[in-house]
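Now for the letters of each chain:
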Amino acid sequence: MADAIEMVGITKTFPGVVANDNVSINVKENEVLALLGENGAGKSTLMSILFGAYSPDHGIIKIRGNQVQIKDPNAATALGIGMVHQHFKLIHNYTVTENIVLGIEPVNKFGMLDLKTAREKVKTLSETYGLNVNPDAKIEDITVGMQQRVEILKVLYRNADIIIFDEPTAVLTPQEIDELMEIIRLLKKQGKTIILITHKLKEIKAVAERCTVLRRGKVVGTVEVKDVTEDQLAEMMVGRAVKFEIDKKPAQPGDVVLSLKNISVKNSRGQIAVKDLSLDVRAGEIVGIAGVDGNGQSELIYGITGLSPLESGTIELHGKDVTKYSIRQRIEAGIGHIPEDRHKHGLVSEFSVAENIAIKNYYKAPYSSKMGILDYDAMNTKASELIKAFDIRAGEDSATVAGSMSGGNQQKVIIAREIELSPDFMVVAQPTRGLDVGAIEYIRKRIIEERDKGRAILLVSFELDEIMNLCDRIAAISKGSIAGIFNAGEVTEREIGIMMAGSKKEGVAK
């Protein structure tokens, strides 16, 4: 089979980092090639070069045997290359159709905007590829999974026959992931060539024919997916055997640290998203919140951490009412927060790693003097310690701008900061979203260590296997209410799934 894409000797450097080091890959016509690697291995950089977002320092690109210069994304589009980005590029108060045609707006013979024709084309494409997207819906009113389908429609509308998916399942629920895999199979059936950037080995086994593995900017090898196991792929990716099972001792729960009593929280549209919810979390245990995205998990997190006010109910920490506490007061009282959206609530992208590490207690010693003068040496010293301890790939160490790092390394910065603060209670939301298997293994181990130190942890995750493996008790949430609470080992994934769908079942006491 002829090559649709050939990238030869691609090298790309950024300050302090060789992102791609003489990388050569090929993608056959009408195949699904997986691009696998740790956070910071250079996968997204390589594909950004193919899409014209970056220019390589060295190397050549051939499309169907012809050498090309891809100076910008418009040149890539003209060559039939489309990219579905990890972080969607959509305008939230525009409709699906308006987002899809943005930049190539159709006009009628009078030079007027012709959205009606565009809408029909969007509708036809949506039906052809089984995307089931309403062309008239506003982006702000549809789920994350639907927003991703809009991004897919954007590249199909522009007649792309080579489609790059950059970490496409990082923000999806398990059901949406299954649906996306089916969409990728259908795209291949329709003759498209697919490059899938992912950390998730199950997805590679599900849809890819070949897999090219990158490690620290270099190609480790390319394998036929049918000929390798998930364990072998993981070892190629991180350079060592990876342990997927979680070793943990039985929990030794102590006193109640956090108590939610009949709390209700509104969403951004003013509707009640969390309804009369009660839950206790004890020292030395992990309580998991299992649910389909959009069932009040975000609002529950916001209510606990102070990002949203409660409509009713109370929050107690060690028996003390903290319902009216400000965000800073909650932090100082001992509430930690690893947020589900690292860009919105976890980091200041323009700040350095050191500044982000210190951002919650910059006004205290050792980061600040009694005169309120910041001590950057102290910040950099602490950040360097945590960079080493958490294996954060930061190009220029503590001075690296957080926004320039890969998503997984940004996540490690947040987790390092929150664990270093040693809070009595931690809300841990989607802690391994977008992380590679090596980082997932490490982060889960650290969460268990925090539990064993006596921390009370509330884990919110869409990864059911993560909930089942990490948690000591599991609470299923549906439409803002707890449908059932169980001790780990006393409930199956199927039973949890039924409760997530809204079927109430009595479990253990809260």
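Now for a quick tour of the structure. As the structure is a prediction and not an experimental result, all values here were calculated from the model. (Residues numbered from 1 in each chain as written. Predicted model: local features only at pLDDT ≥ 70, side-chain atom pairs only at ≥ 80, totals over all residues. Heavy atoms only, no water.)

## Brief notes about the overall build of the protein chain
Looking only at helices and strands, the protein chain features 17 helices and 20 strands. On C-alpha atoms alone, the protein chain measures out to a radius of gyration of 24 Å, which is about the 24 Å that the 2.2 N^0.38 rule sets for 510 residues. Projected onto the principal axes, the alpha-carbon positions of the protein chain cover approximately 70 × 50 × 50 Å. Looking at the protein chain residue by residue over its 510 residues, the buried ones come to 52%. Across the protein chain, the fraction of contacts at a sequence separation of at least 24, relative to all contacts at a separation of at least 6, is 66%. (Helix = DSSP H or I, 4+ residues; strand = E, 2+ residues; numbered from the N terminus. Rg over C-alpha atoms; globule rule 2.2 N^0.38 Å. Buried < 20%, exposed > 50% of the residue type's maximum accessible area, 1.4 Å probe, protein only. Contact = heavy atoms within 4.5 Å.)

## Quick notes on the pattern of salt bridges
Summed over the entire model, instances satisfying the criterion amount to 30 salt bridges. E31 is paired through a salt bridge with R210; the nearest N and O atoms lie 2.7 Å apart. Of this pair, E31 sits in the loop between β2 (17-28) and β3 (32-37) while R210 sits in strand β9 (residues 210-215), and the two are 179 residues apart along the sequence. For the pair E31 and R210, a shared accessibility class is recorded, and that class is buried. (Salt bridge = Lys/Arg side-chain N within 4 Å of Asp/Glu carboxyl O.)

## Section: the packing of aromatic side chains
Taken as a whole and judged by the stated rule, the model has three aromatic pairs. Ring geometry for F14 against Y54: centres 5.2 Å apart, planes inclined by 65°, an arrangement best described as edge-to-face. With F14 in strand β1 (residues 3-14) and Y54 in the loop between α1 (43-50) and β4 (58-63), this residue pair connects regions lying 40 residues apart in the sequence. By relative accessible area, which is 34% here, Y54 ends up partly exposed. Taking the centre distance of 5.4 Å and the plane angle of 85° together, the rings of Y362 and Y363 count as edge-to-face. Residue classification places Y363 among the partly exposed residues on the basis of a relative accessible area of 25%. Positioned above the aromatic ring of Y363 is the side chain of R328, whose terminal nitrogen or guanidinium carbon lies 3.7 Å from the ring centre. (Phe/Tyr/Trp six-rings, centres within 6.5 Å; stacked < 30°, edge-to-face > 60°. Lys NZ or Arg CZ within 6 Å of the ring centre and 35° of its normal.)

## Focus: the nonpolar core
Ranked by size, the top nonpolar core spans 51 residues in total, and within it V96, I163, F165, I184, I204 and C211 carry the most contacts. Grouped together as the second largest cluster of nonpolar side chains are 46 residues, I286, V413, I440 and A483 included. (Core = buried A, V, L, I, M, F, W, Y, C linked by side-chain atoms within 4.5 Å.)

## Here's the deal with a nonpolar patch on the surface
On the surface, a nonpolar cluster with roughly 220 Å² of combined accessible area is contributed by F14, V17 and Y54. Checked against the element boundaries, V17 lands in strand β2. On the accessibility criterion, V17 (32% relative accessible area) is partly exposed. (Patch = residues over 30% accessible without salt bridge, like charges linked within 9 Å, V, L, I, M, F, W, Y side chains within 5 Å. Areas by Shrake-Rupley, 256 points an atom, 1.4 Å probe, with all protein chains shown as cover.)

## Some points on helix α15 (residues 437-452)
With 16 residues, α15 extends 23 Å from end C-alpha to end C-alpha; this agrees with the ideal 22 Å at 1.5 Å per step. Residue G454 follows α15 closely and has a positive phi angle near 100°. (Expected span 1.5 Å × (residues − 1).)

## Concerning the sheet that holds β3
Reading across from one edge, β6-β7-β8-β3-β9-β10 is the order of the six strands in this open sheet, with mixed pairing throughout. Among the strands making up the open sheet, the edge pair consists of β6 (81-84) and β10 (218-224). Each neighbouring strand pair of the sheet contributes to a mean axis angle of 20°, computed without reference to strand direction. Direction of pairing for β6 relative to strand β7 (residues 162-166): parallel, over a ladder of four bridges. Opposite I81, over in β7, you have I162 as the bridge partner. Those strands touched by α1 are β3, β6, β7, β8 (193-198) and β9, and its axis lies near 150° from that of β8. Contacts from helix α8 (residues 230-238) reach β3, β9 and β10 within the one sheet, and its direction differs from that of β9 by about 30°. (Pairing = 2+ DSSP bridges. Axes fitted to C-alpha atoms, helices over the stretch in contact; angles between N-to-C directions.)

## A word on the sheet that holds strand β19 (residues 473-478)
Ordered by their spatial adjacency, six strands build an open sheet running β16-β17-β18-β13-β19-β20, and the pairing between neighbours is mixed. Two strands close off the open sheet at either side, each with one partner strand: β16 (335-338) and β20 (481-487). Neighbour to neighbour, the strand axes of the sheet diverge by 20° on average, direction disregarded. Taken strand by strand, α15 contacts β13 (285-290), β17 (425-429) and β18 (456-461), and its axis lies near 130° from that of β13. Relative to β19, helix α17 (residues 493-500) is tilted by about 30°, and along the sheet it contacts β13, β19 and β20.

## What to know about the side chain of H337
Locating H337 in the fold gives a position in strand β16. The exposure class of H337 is buried, given its relative accessible area of 9%. Look past the residues within four positions of H337 in its chain and what remains in contact with it is I301, T305, L307, K360, E418 and V427.

## Brief notes about the packing of helix α5 (residues 144-157) against helix α6 (residues 174-189)
For the pair α5 and α6, interaxial distance at closest approach is 11 Å and the crossing angle is 15°. Of the possible angle classes, the one that applies to α5 and α6 is roughly parallel. With respect to the hand of their crossing, α5 and α6 are arranged in right-handed fashion. Where α5 approaches α6, its residues G145, Q148, R149, I152 and L156 are matched on the opposing element by E176, E179, L180, I183 and L187. For the contact of α5 with α6, the class distribution of residues is five nonpolar, two polar and three charged. (Parallel < 35°, antiparallel > 145°, perpendicular 65-115°, else oblique. Left-handed = near helix turned anticlockwise from the far one by under 90°. Nonpolar A, V, L, I, M, F, W, Y, C, P; charged D, E, K, R; others polar.)

## Focus on the layout of surface pockets
The computed volume of the largest pocket comes to approximately 1,700 Å³. Around the largest pocket sit 45 residues that line it, and H92, V144, Q147, D293 and S298 are the ones nearest its centre. Broken down by element, the lining of the largest pocket gets its largest block of residues, four residues, from helix α9 (residues 297-305). (1 Å grid on protein atoms, 1.4 Å probe; cavity = no way out; pocket = protein on both sides within 12 Å on 5 of 7 lines; lining within 4 Å. Points joined across faces, edges and corners; volume = space filled by probe spheres on them.)

## Here's the deal with empty space enclosed by the protein
Enumeration according to the criterion identifies three cavities of 30 Å³ or more in this entry. Considering only enclosed or pocket space, the largest cavity measures out at about 80 Å³ in volume. A170, L172, Q430, F462 and E463 are the residues nearest the centre of the largest cavity, which is lined by 13 residues in total. Split into classes, the residues belonging to the lining of the largest cavity amount to six nonpolar, three polar and four charged.

## Overview of α9
Of all nine residues that make up α9, nine are buried, and the element is covered over most of its length. Of all the positions in α9, only Q297, S298, E299, L300, I301, Y302, G303, I304 and T305 are classed as buried. G306 occupies a position one or two residues after α9 and carries a positive phi of about 95°.

The values reported here are purely geometric and, on their own, carry no functional implication.
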